[in-house]
Amino acid sequence: MPASRHGIRVLDVPDLEEFCALAERDPVVNVFALHRARMTRLEPRWLGGEMWGRFEAGRLVSACHVGANLVPVQATEDDARAFAERALAGTRTATTIVGPHEAVRTFWNGVAASWGRPRETRWMQPHLEISGPPQVAPDPQVRRTERADLDEVYPACVAMYTEEVGVSPETGGSADLYRARVTQLIARGWSFARFDAGRLVFKAEVACASSGAAQVQGVWVPPDRRGEGLAAAGMAAVVAAVQETIAPVVSLYVNEWNHPARRTYERVGFVETARFSTVMF
């Protein structure tokens, strides 16, 4: 596909190496895009959307993952405005816009009048990383989950998602799809939990990973077990396991207003390296 007047075109398999070189300029912040690119080799049929690239003098300078998640990659404010104009030429497919704050804010300002009112906006979310050992003792009872744990893990994932997002992941007949996603994470060895007398009391998953970083999601403790230190010790165990077997840097992002979670991650040894923002439809 030819480039638009802003130098934007859809990337494909021959662009994979150049795209990865672009995203590797910040491999932790861009771990989602790197994970998607390497899993799909930028083939649109596997990507479930498109990866747009913006070129200057024949050189790739920024990109944007456009699917259910719309994620800017190394995008300046000017790049984000250009991607927004490109997005307005088609129909919105994204249910979430997420990424570095300035790029997301600029993109959203460009499309807001046409894309309608979002369900929720979350600005200035701290993006956290840990590259050294955890600063609290890992919980020895946290382990990778197994297929036999699904009856405990799946309801916990639904509860966490509903509490965090405000809508059940099973809404609209999506239960089978969400269960398949949870099952896939378990099979991949990316799901971690602690069980007390067979009951799940802590969980977390790796959402995406590359050779340099892994992003954690879905950290959750049942409401009646909060305040016991399960999250800090559990996250320390997850960090140690991920660093040993998946990637050397562990990252996540958290809502700015969630001070208990932020204090927990700080205790474990996470440090803030950027700010993300999320727009949800």
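As a reminder, the structure under discussion sits directly above these lines.
As the structure is a prediction and not an experimental result, all values here were calculated from the model.

Enquirer: Mind showing me how you'd approach the overall build of the chain here?
Expert: Broken down by element type, the chain carries nine helices and 12 strands. Each principal axis of the C-alpha atoms in the chain carries an extent, and together these give about 60 × 40 × 35 Å. With 281 residues in all, the chain has 51% of them scored as buried. Partitioning the contacts of the chain with sequence separation of at least 6, the portion at a separation of at least 24 is 70%. With the model as given, the accessible surface of the chain reaches about 13000 Å², and the carbon-plus-sulfur share is 51%. For the chain, the distance from the average site of its 31 positive side-chain charges to the average site of its 33 negative ones is 2 Å.

Enquirer: What's the story with the environment of Trp 108 in this structure? I'm lost.
Expert: Tracing the backbone shows Trp 108 in helix H5 (residues 101–115). The class of Trp 108 is buried, set by a relative accessible area of 9%. Here the alpha-carbon distance between Trp 108 and Thr 245, two residues 137 residues apart in the chain, equals 37 Å. Apart from the residues within four sequence positions on either side, Trp 108 is in contact with Ile 97, Trp 115, Gly 116, Pro 118, Trp 123, Val 279 and Phe 281.

Enquirer: What is the right way to read the sheet that holds strand S12 (residues 271–280) from this model?
Expert: One key point about sheets: their strands pair by backbone hydrogen bonds, in either a parallel or an antiparallel sense. Read from one edge of the open sheet, 12 strands run S1-S2-S3-S4-S5-S12-S6-S11-S10-S9-S8-S7, paired in mixed fashion. With one partner strand each, in any of the chains shown, strand S1 (8–10) and strand S7 (143–144) form the two edges of the open sheet. One ladder, built from three bridges, connects strand S10 (residues 213–220) with strand S11 (residues 249–253); its direction is parallel. Each bridged residue has a counterpart across the sheet, and for Gln 215 the counterpart in S11 is Ser 251.

Enquirer: Please explain the pairing of S11 as it appears in this structure.
Expert: Look at any regular strand and the pattern is simple: side chains alternate between the two faces of the sheet. With respect to burial, S11 is a largely interior element, four of its five residues being buried. Looking at chain direction, strand S6 (residues 120–130) and S11 are connected through four bridges and run antiparallel. Each bridged residue has a counterpart across the sheet, and for Leu 128 the counterpart in S11 is Leu 252. One crossover worth recording links S10 to the parallel S11 by way of helix H8 (residues 230–245), and it is right-handed.

Enquirer: Looking at this structure, I do not really get the pairing of strand S5 (residues 96–100). What am I missing?
Expert: Of all five residues in S5, four are buried; the element is thus mostly enclosed. Where strand S4 (residues 69–73) meets S5, two bridges bridge the pair, whose relative direction is parallel. Residue pairing across strands places Asn 69 opposite Thr 96, the latter belonging to S5. Traced from S4 through helix H4 (residues 77–88) to S5, the parallel crossover comes out right-handed. Of the strand pairs in this sheet, S5 and S12 are connected by five bridges, and their pairing is antiparallel. From the neighbouring strand, Ile 97 faces S12, where its bridge partner is Val 279.

Enquirer: Which parts of the structure should I look at to understand helix H2 (residues 31–40)?
Expert: The periodicity of an α-helix, 3.6 residues per turn, causes residues three or four places apart in sequence to face the same way. The buried fraction of H2 amounts to seven of the 10 residues, a majority that puts the element mostly inside the structure. When H2 is considered as a whole, its buried residues turn out to be Val 31, Phe 32, Ala 33, Leu 34, His 35, Ala 37 and Thr 40. Arg 41 lies just past H2 and shows a positive phi near 55 degrees.

The rules behind these values
- Residues numbered from 1 in each chain as written.
- Predicted model: local features only at pLDDT ≥ 70, side-chain atom pairs only at ≥ 80, totals over all residues.
- Heavy atoms only, no water.
- Helix = DSSP H or I, 4+ residues; strand = E, 2+ residues; numbered from the N terminus.
- Buried < 20%, exposed > 50% of the residue type's maximum accessible area, 1.4 Å probe, protein only.
- Contact = heavy atoms within 4.5 Å.
- Areas by Shrake-Rupley, 256 points an atom, 1.4 Å probe, with all protein chains shown as cover.
- Lys, Arg positive; Asp, Glu negative; His and termini not counted.
- Charge placed at Lys NZ, Arg CZ, Asp CG, Glu CD.
- Pairing = 2+ DSSP bridges.
- Right-handed = clockwise from strand over helix to strand, strands pointing away.

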